[in-house]
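Coordinates in review
Given next are the chains, with one letter for each unit.
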Amino acid sequence: MAFMSEPASAQQFTHLRLHTEFSISDGLVTIGPLVDRLRELQMPAVAITDLANLFALIKFYSTAMGKGIKPVCGCDVLVESENGSTTALVLLVQNETGYLNLTNLISDMYTRAEGHAEPMLRRADMAGRTEGLIALSGAQRSDIGEALLAGDNALARSQLQAWQDLFPDDCFYLELQRVGKANEEAYIAAAVALALETDIPVVATNDVRFLQQDDFEAHEVRVCINDRRTLDDPRRPRNYTDQQYLKSAEEMQSLFADIP
């Protein structure tokens, strides 16, 4: 089993948020072509963070290791707070203890979910079960992001402190994304200011859903099938952009050149 270790060098970039076809509702990436593309881009590692599951893990691990790519185990989850609100969170495995904690947390989500309810964690249930895990904040979809965009910096700091209490020892990162969604720059400016104020590290992700930019329309078809909508439905939400592809290290460095 491979886990997260040292960060990549300045000349490299590792995608730490990526959904495969095993994220049934919103992923189009298949394992073999993913690993081949990573080799073309000379990327040393990648994290798969399918939504609330580790179904791809065995195939991902064996395929990536066979091609010299370091596989990082992870998962995107929704977390419910005490007041009933939900926040996005990315969990990445750092070591064996983290892997065991993540599998237990995922199991809890599904055993507690009722009927067709979307599986999610409760923040209170995570206490004491985050050792060996690294968390990315969820960018704009997070409770911190929502507070920052609402101009409530005090609440954002309070939320950040709560996550730091759950993920001590510099294991919590503020996540930044530039994929062409509304309010991104306002969020990034506020998040970077908060990071500087609190000495919290930031990490850039591209929230990857497909390999090539030209795959966007095919991805939208998959989303529509899951949502039981048609492509031309004016009421359907547009939650994704054509920028959520597997960008090269050079593209990502250029995209975040102002935040090196």
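Check the entry above for the structure.
So, a few notes on the structure that sits alongside this text.

1. Points about the packing of helix α6 (residues 153-166) against helix α7 (residues 184-198)
The geometry of a pair of packed helices is captured by two quantities: the angle between their axes and the separation between those axes. Following both chains from N to C, one finds α6 and α7 inclined at 60 degrees, their axes separated by 11 Å at the closest point. Classified by the angle their axes make, α6 and α7 are oblique. As α6 runs across α7, the sense of the crossing is right-handed. On α7, the residues touching Ala156, Arg157 and Leu160 of α6 are Leu194, Glu197 and Thr198. Here the residues of the contact of α6 with α7 are counted per class, giving 3 nonpolar, 1 polar and 2 charged.

2. Some words on a nonpolar patch on the surface
A cluster of nonpolar residues, Val221, Ile225 and Leu231, forms a patch on the protein surface that exposes about 260 Å² of accessible area. Topologically, Ile225 is positioned in helix α8 (residues 216-227).

3. Points about the state of the cysteines
One pass over the full model with this rule turns up 0 disulfides. Free of any disulfide, Cys75 has its nearest cysteine sulfur in Cys73, 8.0 Å distant.

4. What to know about α6
Given a rise of 1.5 Å per residue, 14 residues ought to cover 20 Å, and the 20 Å separating the end C-alpha atoms of α6 matches this to within 8%. Listing the buried residues of α6 in full gives Ala156, Gln159, Leu160, Trp163 and Leu166. Viewed along the axis of α6, the buried residues span an arc of 115 degrees, placing them on a single side of the element. As for α6, its buried residues are in contact with β2 (70-80), β3 (86-93), α4 (123-126), α5 (143-149), β6 (172-176) and α7.

5. Concerning the packing of helix α1 (residues 31-40) against helix α2 (residues 57-66)
With their axes 10 Å apart at the nearest point, α1 and α2 run at an angle of 35 degrees to one another. Every pair of crossing elements has a handedness; the one defined by α1 and α2 is right-handed. Contact residues: α1 offers Ile31, Gly32 and Val35, while α2 offers Lys59, Phe60, Thr63 and Ala64. Taken together, the residues of the contact of α1 with α2 sort by class into 4 nonpolar, 2 polar and 1 charged.

6. Points about the environment of Ile259
Mapping Ile259 onto the fold places it in the segment after α9 (249-255). A sequence separation of 71 residues divides Ile259 from Ile188, and the C-alpha atoms of the two residues are 9.8 Å apart. Apart from residues no more than four positions distant in its own chain, Ile259 is found in contact with Leu176, Arg178, Ile188, Val192 and Val202.

Rules of the game
- Residues numbered from 1 in each chain as written.
- Predicted model: local features only at pLDDT ≥ 70, side-chain atom pairs only at ≥ 80, totals over all residues.
- Heavy atoms only, no water.
- Axes fitted to C-alpha atoms, helices over the stretch in contact; angles between N-to-C directions.
- Helix = DSSP H or I, 4+ residues; strand = E, 2+ residues; numbered from the N terminus.
- Parallel < 35°, antiparallel > 145°, perpendicular 65-115°, else oblique.
- Left-handed = near helix turned anticlockwise from the far one by under 90°.
- Contact = heavy atoms within 4.5 Å.
- Nonpolar A, V, L, I, M, F, W, Y, C, P; charged D, E, K, R; others polar.
- Patch = residues over 30% accessible without salt bridge, like charges linked within 9 Å, V, L, I, M, F, W, Y side chains within 5 Å.
- Areas by Shrake-Rupley, 256 points an atom, 1.4 Å probe, with all protein chains shown as cover.
- Salt bridge = Lys/Arg side-chain N within 4 Å of Asp/Glu carboxyl O.
- Disulfide = S-S within 2.5 Å.
- Expected span 1.5 Å × (residues − 1).
- Buried < 20%, exposed > 50% of the residue type's maximum accessible area, 1.4 Å probe, protein only.
- Arc of directions from axis to C-beta.

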